[in-house]
Amino acid sequence: MDRSGSQAETPVTVAWGGDVNIGRRFHYGFHETGARDALAAIRPLVEADLGIINLECVVATSGVECVGKGERASYYFRARPEMLEALVRGGVDLVATANNHSGDYGPEALVEQAEWVKAAGIGHAGSGPDREAAFQPVIRRVGNLGIALFSLDATQASFAATDARPGTAWLDPSRPKEWYDIMAPRIAAAREQADIVLVAIHWGQNNRPQPDAAEIAGGHALVDAGADAVLGASAHVLQGVEVYRGRPILHDVGDLLFDALRRPDKDGGIFTLELDERGVRRVRFAPLEIGFCRSVSPGESAAQEITRRFAAKCAALGSNLVVKDDGTGEIELDPPRTGEVLVKMAYAGICHSDEHFYTGDSVPPPDMEEMMRAAGVDVPDWFPMLGGHEGSGIV
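Each value, and the rule that gives it
- By convention here, each chain's residues receive numbers from 1 onward along its written sequence.
- It should be noted that, the model being predicted, local features are given only for residues of pLDDT at least 70 and side-chain atom pairs only at 80 or more, the latter also being counted only at that level, while totals for whole chains, interfaces and linings use all residues.
- Side-chain descriptors were evaluated using all non-hydrogen atoms of the structure, hydrogens and water having been removed beforehand.
- To define axes, lines are fitted to C-alpha atoms, for helices over the stretch in contact only, and angles between the resulting N-to-C directions are given on a 0 to 180 degree scale.
- Strands are runs of DSSP state E lasting at least two residues, helices are runs of H or I lasting at least four, and both sets are numbered from the N terminus onward.
- Note on angle classes: values under 35 degrees are labelled roughly parallel, values over 145 roughly antiparallel, values of 65 to 115 roughly perpendicular, and the remainder oblique.
- Here is the rule for handedness: rotate from the far helix to the near one, and if that takes an anticlockwise turn smaller than a right angle the crossing is left-handed, while a clockwise turn gives right-handed.
- Contacts between residues were defined by any pair of non-hydrogen atoms, one from each residue, lying within 4.5 Å.
- Throughout, the ten residues Ala, Val, Leu, Ile, Met, Phe, Trp, Tyr, Cys and Pro are labelled nonpolar, Asp, Glu, Lys and Arg are labelled charged, and all others, Gly among them, are labelled polar.
- Space inside and on the surface of the protein is sampled on a 1 Å grid over the protein atoms alone, with a cavity defined as a set of points where a 1.4 Å probe fits but cannot get out and a pocket as an open set with protein on both sides within 12 Å along at least 5 of 7 lines; lining residues have an atom within 4 Å of a point.
- Grid points are joined across faces, edges and corners, and a volume is the space filled by probe spheres set on the points.
- Here the nonpolar core consists of buried residues drawn from Ala, Val, Leu, Ile, Met, Phe, Trp, Tyr and Cys, with membership extended through side-chain atoms lying within 4.5 Å.
- Buried, partly exposed and exposed residues are distinguished by accessible area as a fraction of the type maximum, computed with a 1.4 Å probe on protein chains only: under 20%, between the cut-offs, and over 50%, respectively.
- Multiplying 1.5 Å by the residue count of a helix minus one yields the expected span of that helix.
- Fitting axes to the seven residues ending at a residue and to the seven starting there, one defines the bend at that residue as the angle between these axes.
- Pairs of N or O atoms within 3.5 Å make up the polar contacts considered here, provided that, within protein, one atom can donate a hydrogen while the other can accept it, and that residues adjacent in sequence are counted only when both atoms are side-chain atoms.
- Put simply, a salt bridge is a Lys or Arg side-chain nitrogen that is within 4 Å of an Asp or Glu carboxyl oxygen.

Before going further, it helps to spend a moment on the packing of helix α6 (residues 176–190) against helix α7 (residues 213–224). How two helices pack is summed up by the angle between their axes together with the distance between the axes. In contact at an axis separation of 8 Å, α6 and α7 are set at 25° when each is read in the N-to-C sense. On the basis of the axis angle, α6 is roughly parallel to α7. Where α6 crosses over α7, the handedness of that crossing is right-handed. Across the interface between the two elements, P176, W179, Y180, M183 and I187 from α6 touch A214, A217, G218, A221, L222 and D224 from α7. Of the residues that constitute the contact of α6 with α7, the class distribution is nine nonpolar, one polar and one charged.

It is worth spelling out empty space enclosed by the protein at this point. Over the atoms, a rolled probe matching the size of one water molecule traces out where space is still vacant. Scanning the model with the defined rule gives one cavity of 30 Å³ or more in all. In this structure, the largest cavity encloses a volume near 40 Å³. Around the largest cavity, the lining residues are W16, N54, A96, A98, S151, L152, A200, I201, H202, L231, G232 and A233. Elements with a minimum of two residues in the lining of the largest cavity: β9 (145–153), β11 (196–202) and β12 (229–233). Here the residues of the lining of the largest cavity are counted per class, giving eight nonpolar, four polar and no charged.

What follows deals with the nonpolar core. Judged by nonpolar contacts, the single largest core of 36 residues is most densely connected at W16, I147, L198, F271, L273 and L275. With sequence-adjacent residues up to four places away left out, L273 is seen in contact with V12, T13, V14, L198, A229, L231, L250, V280, R282 and V283. Counting residues in each nonpolar core, the second largest holds 31 residues, with F26, V92, I122 and L257 among its members.

Between the first and last C-alpha of α6 there are 21 Å, a value that for 15 residues agrees with the 21 Å anticipated at 1.5 Å per step. Residue M183 marks the point of greatest curvature in α6, where the axis turns by about 35°; the proline P185 follows within four residues. The inward-facing, buried residues of α6 abut α5 (131–134), β9, β11 and α7.

The subject of this paragraph is the side chain of Q239. Mapped onto the elements of the fold, Q239 is located in the loop between β12 and β13 (241–244). A distance of 2.8 Å separates a polar atom in the side chain of Q239 from the backbone oxygen of R208. Non-local contacts of Q239, meaning those with residues more than four positions away in its chain, are made with R208, P209, Q210, P211, E215, H251, D252, F310 and K313.

Okay, the environment of G218 next. Here G218 lies in helix α7. Spatially, the C-alpha atom of G218 lies 9.8 Å from that of D172, the residues being 46 residues apart in sequence. Leave out the neighbours within four places in its chain, and G218 touches P176, W179 and W203.

The subject of this paragraph is the pattern of salt bridges. Enumeration over the complete set of coordinates arrives at 19 salt bridges. Residue R43 pairs with E47 through a salt bridge whose shortest N-O separation is 3.5 Å. One end of the pair, R43, and the other, E47, are both in helix α2 (residues 43–47), four residues apart, so they sit about a helical turn from each other. Classification of R43 by relative accessible area gives partly exposed; the value is 43%. A relative accessible area of 54% places E47 in the exposed class. The residue D267 makes a salt bridge to R309 at a minimum N-O spacing of 2.8 Å. In this pair, D267 is assigned in strand β16 (residues 267–276) and R309 in helix α8 (residues 300–316), connecting sequence segments 42 residues apart. What makes D267 buried here is its relative accessible area of 16%. Within the structure, one salt-bridge network assembled from shared partners comprises E274, R282, R284, K324, E330 and E332.

In structure tokens form, the structure reads like this:
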């Protein structure tokens, strides 16, 4: 879509809440302990214009037990459909379903899940009856912005959708450079309907406090492919926020609602992205204490401590999360100006420096296509055009 319109007077807010498992032990406390309102108690989620979480289970009544996952010790999470009430009460609008538990009970249960979340009024991305469907985004209109959400997994290859089998949108974690090739045309297509493109990604190993080199490379590839923000989950603990080319990569936002009996720490949070036509202008972090089937807002002193620890993780990735007096944290962002373009010379292996960023007031070199072809790289036919020159992509 055209991103050159006037800016919204009030930013649109999107809440990203990380891992939510409404299966397993969550069933026990749903009626007796008020677990059905566990998400409803998280105000930034409820109050956001659009609430998104990673649904770390499969919602179904069908399926087969003990699906082979290629793991030494596997966990299986299936939720009864009525558990979705907790998401509805908590203001969840969209769920990311590409992860290492959505296929726990086989393809039949995964396909069934789509019907249940749709019936609950919740959109989903990341899984489907075939590979093409799994890689499709879900798009919602919020205020004057169209927002597209992709959901990807880089942890469970056995759940990957194929042309003939239901499954998830899986990316090979050992080949992050291929992520660009896979996602750039899909993000470009989503831009025809959406102003903002968010990519949720389930990646990395459990309980790691910082992302590894492969995750960082993968996050950069997704931003290079056109994502306005990368929303990470999987580790079950908080990792830092990285800012790459003016766009946030939330490497891991930890658990939001989980039934774990033991955990390395109780630090958690809910993340609010403030958006306008240019992209993400601010990331707000509201600290939470994560417990058994619940997450609660900590007292002022504990909130400050959680946010300071999280700020240190952000600093390790080169970003500055400012700790506020109320215990929350904020990262201010300056996404590329409207119409700014990145000439895709890096894609061709010609250059790798910031001098090849061009604003909407400048024009890419007229010999760009010739230079790329001379480097032995075909210019993809989906590359957007600017000023009649191929080889430039609007980002």
